[in-house]
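Descriptive structure summary
Here is what each chain is made of, one letter per residue.
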Amino acid sequence: MALTLIVDDDADAAEMLAAQLAERGHAVVVAHSLRDARRQLAVQPTELVLLDLRLPDGHGLALFDEPALAQASVVLMTGYATLETAVQALRLGALDYLIKPVTAEQLDAVLQRVLPVPSAEARSDWRQQVDASGRFGHLVGRAPCMQRIYQQIARVAQTGVTVLVTGESGTGKELVARTLHDESRRRERPFLAVNCGAISPQLMESEIFGHEKGSFTGADRQHQGFFERADGGTLFLDEVTEMPLELQVKLLRVLETGSFMRVGSTTLRQTDVRIVAATNRDPWQAVEQGQLREDLLYRLNVFPIALPPLRERLEDLGLLCTHFLLEIGQREGQAKRLSPAGLDKLADYRWPGNVRELRNVLQRVYVMSEGDTITTEWLPSNGPARAPAMALGGDPDLRVALGTPLADVEQRLILQTLRHYGNHRERTAAALGVSLKTLYNKLKTYESEPP
Ligand SMILES: Nc1ncnc2c1ncn2[C@@H]1O[C@H](COP(=O)(O)OP(=O)(O)OP(=O)(O)O)[C@@H](O)[C@H]1O
Ligand SMILES: [Mg+2]
């Protein structure tokens, strides 16, 4: 049986916690000092360590230099929920923290998050899947960097910890989230995706947390938010850096306490939802720019998964092309394949829009190609590194008068960049560092309210 080690110098608190864990079927040992804890870790494999920070012979974080700790899930216990300690602990590899005194609900929530599901619950063997089919879940690819991603997904899927998926637009972040959900014991429960960049900030709180009837003008019915509807399942928070800061505070609270309130209500509701968040921006930069709360980032970043851009896994191009062409061929009723020269040309391209762009390119060339072989004719090429702007029909730079409203600057920048890239939306989104969806949303608003 897996062993839990409680490290706490307060003997009463440790006993109480040990009893609670024993009730839940854990084998428990207790250590009252760093020295005790080191001895315990050395004698038997430990799955979970609940670690107090103030110990008689030193600071709890000192235990992180113990090699045996690398095998265990570590959860901090702190009476002083200082951001700095929590941040430092999460950085060092703790999966979570508990605030003392530890309540039964808090303990359950944390155990559920950090402990792998017993292996009886089929843990799918990702390596077998990849060897057999060149894919894992929804993700196609065999490149070593993708195999590392699969390994991470398979491992973290068995726990309930929060996951942050980063990667350029079109690298497959949403597919990672879906695969993670399908590999977890939550697979029979809902997977819901919220695009924080697409919901208006005014509506987002009620979309996410729900609202009571009459809580604001237009709230003529009670409404269940994503947290309620995803109960027992997975909530995918896409483009999380676009979430308004006040809402980020509320999200942080849900992550810490497992409870939330509908808009217009004072009743706390419990929720059991695994959060997978994603962003195509550098989240640390978003923190620096004041768009993402640092404490929320640490909470989300408990288990980071960074997807490599397509240009760093070109060995998967052939596999991906076959996959997409098969899909398109089945839909259109005629099989077409890519010529070897075509594949070479694709490998020379830089793929700013990543796998999504590849899929769109193949869709286009499938339609354009006559016969059943796709040649190089309609395939994209990089063009000169710094294209002469006039040839592309746009200005190379944008001049704005001081004091121009930000929204106007943004609109001009977006439209001129789009023109610069010959209306190529993937390149435009990549150049501007926003997701394609964000670009589409912006363009849609410009259509409805022209300058
Ligand atoms: N590894 C992959 N295997 C198969 N298809 C993929 C893979 N990666 C991406 N795709 C394709 O690209 C599309 C975009 O993927 P996804 O929506 O997951 O990207 P994303 O990283 O979330 O992009 P964005 O940041 O723009 O939201 C998918 O619908 C799918 O068709
Ligand atoms: Mg996405």
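Residues numbered from 1 in each chain as written. Chains lettered and ligands numbered in written order. Predicted model: local features only at pLDDT ≥ 70, side-chain atom pairs only at ≥ 80, totals over all residues. Heavy atoms only, no water.

- Under an unreviewed UniProt entry, the name given to the protein is DNA-binding NtrC family response regulator, and the organism recorded is Pseudorhodoferax soli.

**Quick look at the overall build of the protein**
- Along the backbone of the protein there are 19 helices and 18 strands.
- With the principal axes as the frame, the protein shows a C-alpha extent of 75 × 55 × 40 Å.
- For the protein, buried positions account for 47% of its 451 residues.
- Contacts in the protein between residues far apart in sequence, at least 24 positions, make up 69% of those at least 6 positions apart.
- Only carbon and sulfur atoms are counted for the fraction: they give 51% of the accessible area of the protein, which is about 22,400 Å².
- On the protein, the mean spot of the 50 positive side-chain charges and the mean spot of the 58 negative ones are 4 Å from each other. (Helix = DSSP H or I, 4+ residues; strand = E, 2+ residues; numbered from the N terminus. Buried < 20%, exposed > 50% of the residue type's maximum accessible area, 1.4 Å probe, protein only. Contact = heavy atoms within 4.5 Å. Areas by Shrake-Rupley, 256 points an atom, 1.4 Å probe, with all protein chains shown as cover. Lys, Arg positive; Asp, Glu negative; His and termini not counted. Charge placed at Lys NZ, Arg CZ, Asp CG, Glu CD.)

**A few points about the state of the cysteines**
- Counted by the stated rule, this structure contains 0 disulfides.
- Between Cys-321, a cysteine without a disulfide, and Cys-145, which holds the nearest cysteine sulfur, the sulfur-to-sulfur distance is 16 Å. (Disulfide = S-S within 2.5 Å.)

**Here's the deal with the packing of helix H17 (residues 406-420) against helix H19 (residues 436-448)**
- Orientation of H17 relative to H19, taken along the N-to-C sense of each, is 110 degrees, at an axis distance of 11 Å. Classified by the angle their axes make, H17 and H19 are roughly perpendicular. Within the contact between the two elements, H17 uses Glu-410, Gln-411, Ile-414, Leu-415 and Leu-418 and H19 uses Leu-439, Lys-442, Leu-443 and Tyr-446.
- Each residue belonging to the contact of H17 with H19 can be placed in one class, and the counts come to 6 nonpolar, 1 polar and 2 charged. (Axes fitted to C-alpha atoms, helices over the stretch in contact; angles between N-to-C directions. Parallel < 35°, antiparallel > 145°, perpendicular 65-115°, else oblique. Nonpolar A, V, L, I, M, F, W, Y, C, P; charged D, E, K, R; others polar.)

**What about the environment of Gln-151?**
- Along the chain, Gln-151 falls in helix H6 (residues 144-157).
- For the pair Gln-151 and Trp-126, spaced 25 residues apart in sequence, the C-alpha to C-alpha distance is 6.9 Å.

**Re the confidence of the model for the protein**
- On average, residues of the protein score 86 in pLDDT, and 92% of them are at 70 or above.
- Every residue in residues 385-394 is under pLDDT 50, and counting partners more than four places away or in other chains gives 9 contacts. (pLDDT = per-residue confidence, 0-100.)

**A few points about the domain arrangement of the protein**
- Examined at the domain level, the protein breaks down into domain 1 (3-115), domain 2 (126-306), domain 3 (310-374) and domain 4 (388-451).
- The distance between the C-alpha centroids of domain 1 and domain 2 comes to 27 Å.
- Contact with domain 1, which involves 11 residues of that partner, is made by 13 residues of domain 2.
- The contact between domain 1 and domain 2 buries some 1,200 Å² in all, and 49% of this surface belongs to carbon and sulfur atoms.
- Where domain 1 packs against domain 2, one counts 1 salt bridge.
- Salt-bridge contacts for Arg-299 lead to Asp-96; the nearest nitrogen and oxygen are separated by 2.9 Å.
- Taken together, the connections running from domain 1 to domain 2 amount to 4 residue pairs in polar contact (both at pLDDT 80 or more).
- Those elements giving two or more residues to the side of domain 1 that touches domain 2 turn out to be helix H3 (83-92), strand S7 (96-99) and helix H4 (104-114).
- At 4 residues, H3 tops the list of elements feeding residues into the side of domain 1 that touches domain 2.
- Tallied by class, residues from the side of domain 1 that touches domain 2 come to 7 nonpolar, 1 polar and 3 charged. (Domains from an automatic or database assignment. Buried area = accessible area lost by both parts, 1.4 Å probe. Salt bridge = Lys/Arg side-chain N within 4 Å of Asp/Glu carboxyl O. Polar contact = N/O pair within 3.5 Å; in protein donor to acceptor, adjacent residues only side chain to side chain.)

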